Amino acid sequence: MPEEIRIRSQSATSRGLKHLIEGFKIRPLHLLLGTALSILFLWLAFRQVPLESLSVALQDLNWPLLALSTLMSLLGSLLRAERWRLLYYPDHHTVSFFKLLGLLFISQMLNLLIPARVGELARISFLDQQPPGRTLGTVAVEKLLDLLTLLAFLLALPFAVALPTWFQTSRRSFLILALSAFGLSVLLFFMKDRLVGWLGQLMQLLPPKWGGRLHKALTQALAGLEVFRSTRVGLGLQAWSFAIWGWGALVNFVLFKAFGFDLSLTAAVFLLLVLQVGISIPTIPGKLGIFQVVTILALSVFGIGKELALPYSLVLYLVGFGPHIVFGTIFGIREGANKLVARRS
């Protein structure tokens, strides 16, 4: 790409990111509601738990295993970055793994700190190596793969553990969502060419400037489904997804051992699934409070009392989210500095 075009592309990306952030300003009412919910859930989590029991649990913690679980949490992002790179097949060799890794950390940080899915849009805005529509398609397929993986785990879970009543309703709702997303994706895959033609006719109703751009972006997004035309690539991506979520369960399991819990890997998978289904309230910044309450509920199924489940939930929160915030901040500063240098040059 010529230097002048590259600079214009970077400038457009920076302007897009600015508009993205401005468009997602947190409304005071939403922030107030989210903060109130966090305080409420934290009160429920800490209620009737003596602070002395927290101190004792942390003193007995196996620190080498804690360090291992933190490292494993960090490595999980590397697995996700490599899967994201493969989603650009057959152009995946032209995309930088480290660029994707940095953007993934930024995305994870934004999704955690801002009560909206700003992180996914930031990935699209920052990545100037690929057209925005193409990146949108990879993000959509990534979410589909995650849904299918969680669907498989949720279908198999009743054969390994007796599900509590409070989880069964949420499980059924998630299964319906995952199956609906899968059905829609299959429909789009087989009707992609026809859909592109319909979109082309529809875009003719818009001004040529906007219609052409929108049609191009939607066509690029639908191209993300092309990875499934290769059975080898499609199965490989699904295998990566199982590895990613299995790795997340292993993080829970290693932290079980750090606390001295005599729990199986099945319990670690159950905790992973309960957290995914239960902490999706978008108005709570950082998922603080709801994360602790859901973890305590999940561990109670296996006989872990609240006085031990609470410190575990606090440490798991730091292990699961801490590295992403730190590295998201580092890569965010680096990315911003690169954009500034590009504009000045």
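See the structure shown above.
The shown structure was predicted, so the numbers you read here are calculated from the model rather than taken from an experiment.

Cut-off values and rules
Residues numbered from 1 in each chain as written. Predicted model: local features only at pLDDT ≥ 70, side-chain atom pairs only at ≥ 80, totals over all residues. Heavy atoms only, no water. Helix = DSSP H or I, 4+ residues; strand = E, 2+ residues; numbered from the N terminus. Buried < 20%, exposed > 50% of the residue type's maximum accessible area, 1.4 Å probe, protein only. Contact = heavy atoms within 4.5 Å. Areas by Shrake-Rupley, 256 points an atom, 1.4 Å probe, with all protein chains shown as cover. Core = buried A, V, L, I, M, F, W, Y, C linked by side-chain atoms within 4.5 Å. Polar contact = N/O pair within 3.5 Å; in protein donor to acceptor, adjacent residues only side chain to side chain. Salt bridge = Lys/Arg side-chain N within 4 Å of Asp/Glu carboxyl O. Phe/Tyr/Trp six-rings, centres within 6.5 Å; stacked < 30°, edge-to-face > 60°. Lys NZ or Arg CZ within 6 Å of the ring centre and 35° of its normal. Patch = residues over 30% accessible without salt bridge, like charges linked within 9 Å, V, L, I, M, F, W, Y side chains within 5 Å. Axes fitted to C-alpha atoms, helices over the stretch in contact; angles between N-to-C directions. Parallel < 35°, antiparallel > 145°, perpendicular 65-115°, else oblique. Left-handed = near helix turned anticlockwise from the far one by under 90°. Nonpolar A, V, L, I, M, F, W, Y, C, P; charged D, E, K, R; others polar.

A. The overall build of the chain, seen in detail. Helix and strand counts for the chain come out as 14 helices and 0 strands. Listing the helices and strands of the chain from first to last along the sequence gives α-α-α-α-α-α-α-α-α-α-α-α-α-α. Of all 345 residues assigned to the chain, the portion counted as buried reaches 46%. Within the chain, counting contacts between residues at least 6 apart in sequence, those at least 24 apart form 74% of the total. As presented, the chain carries roughly 17800 Å² of accessible surface, and 70% of it is formed by carbon and sulfur atoms.

B. Spatial organisation of the nonpolar core. Counting residues in hydrophobic clusters, the biggest one holds 58 residues, and the most contacted among them are F256, L299 and Y312. When contributions to this core are tallied by element, the ones reaching two or more residues are α2 (28–46), α4 (63–86), α7 (132–156), α8 (165–190), α11 (231–259), α12 (265–278), α13 (290–300) and α14 (306–344). In terms of residues, this core owes the most to one element, α12, which gives 10 residues. L299 has contacts with F256, F261, L263, L271, I304, A309 and Y312, leaving out every residue within four places of it along the chain. L101, F126, V227 and V233 belong to the second-largest nonpolar core, a separate cluster that totals 27 residues.

C. Spotlight on the side chain of T149. Structurally, T149 can be placed in helix α7. The exposure class assigned to T149 is buried, which follows from its relative accessible area of 0%. Polar contacts involving the side chain of T149 include one to the side chain of Q238, which spans 2.8 Å. Sequence-distant contacts of T149, that is, excluding residues within four places in its chain, are made with Q238, S241, F242 and W245.

D. Local environment of the pattern of salt bridges. Tallying each qualifying case throughout the model produces 8 salt bridges. For D146, the salt bridge identified is with R80, shortest N-O distance 3.5 Å. A residue pair is termed long-range when its members are at least 10 positions apart, and D146 in helix α7 and R80 in helix α4 qualify at 66 residues. For the pair D146 and R80, a shared accessibility class is recorded, and that class is buried. In this structure, the salt-bridge partner of R85 is E82, at a minimum N-O distance of 2.8 Å. Of this pair, R85 and E82 both sit in helix α4, 3 residues apart, roughly one helical turn.

E. Layout of the packing of aromatic side chains. One pass over the structure, following the stated rule, counts 16 aromatic pairs. Relative to Y312, the ring of F259 has its centre 5.4 Å away and its plane inclined at 65°; by these criteria the two rings are edge-to-face. A residue pair is termed long-range when its members are at least 10 positions apart, and F259 in helix α11 and Y312 in helix α14 qualify at 53 residues. Of the residues examined, Y312 reaches a relative accessible area of 0% and is grouped as buried. Joined through ring pairs, the aromatic side chains of W166, F167, F270 and F302 make up one cluster. Lying across the ring of W245, R80 places its NZ or CZ 5.0 Å from the centre. Above the face of the W84 ring, R123 is positioned so that its terminal group lies 4.5 Å from the ring centre.

F. Structural context of a nonpolar patch on the surface. Among the surface-exposed residues, L68, L71, L75 and L78 lie close enough to one another that they form a single nonpolar patch of about 300 Å² accessible area. Secondary-structure assignment places L71 in helix α4.

G. Up close: the packing of helix α5 (residues 97–113) against helix α6 (residues 118–126). Contact geometry of α5 with α6 gives a least axis separation of 7 Å together with a crossing angle of 150°. It follows that α5 is roughly antiparallel to α6 by the angle criterion. In the crossing of α5 with α6, the sense of the turn from one axis to the other is right-handed. Contact with α5, carried on its side by K99, L103, L104, I106, S107, L110 and N111, involves V118, G119, E120, A122, R123 and F126 of α6 and no other residues of that element. Within the contact of α5 with α6, the residues separate by chemical class into 7 nonpolar, 3 polar and 3 charged.

H. Spatial organisation of unusual backbone geometry. In this chain, Y89 is followed by P90 through a cis amide linkage whose omega measures 5°. Locating P90 in the fold gives a position in the loop between α4 and α5. The residue Q48 is not glycine, and still its phi comes out positive at about 65°. Here Q48 lies in the loop between α2 and α3 (51–59). On the basis of relative accessible area, Q48 is assigned to the exposed category, the value being 72%.

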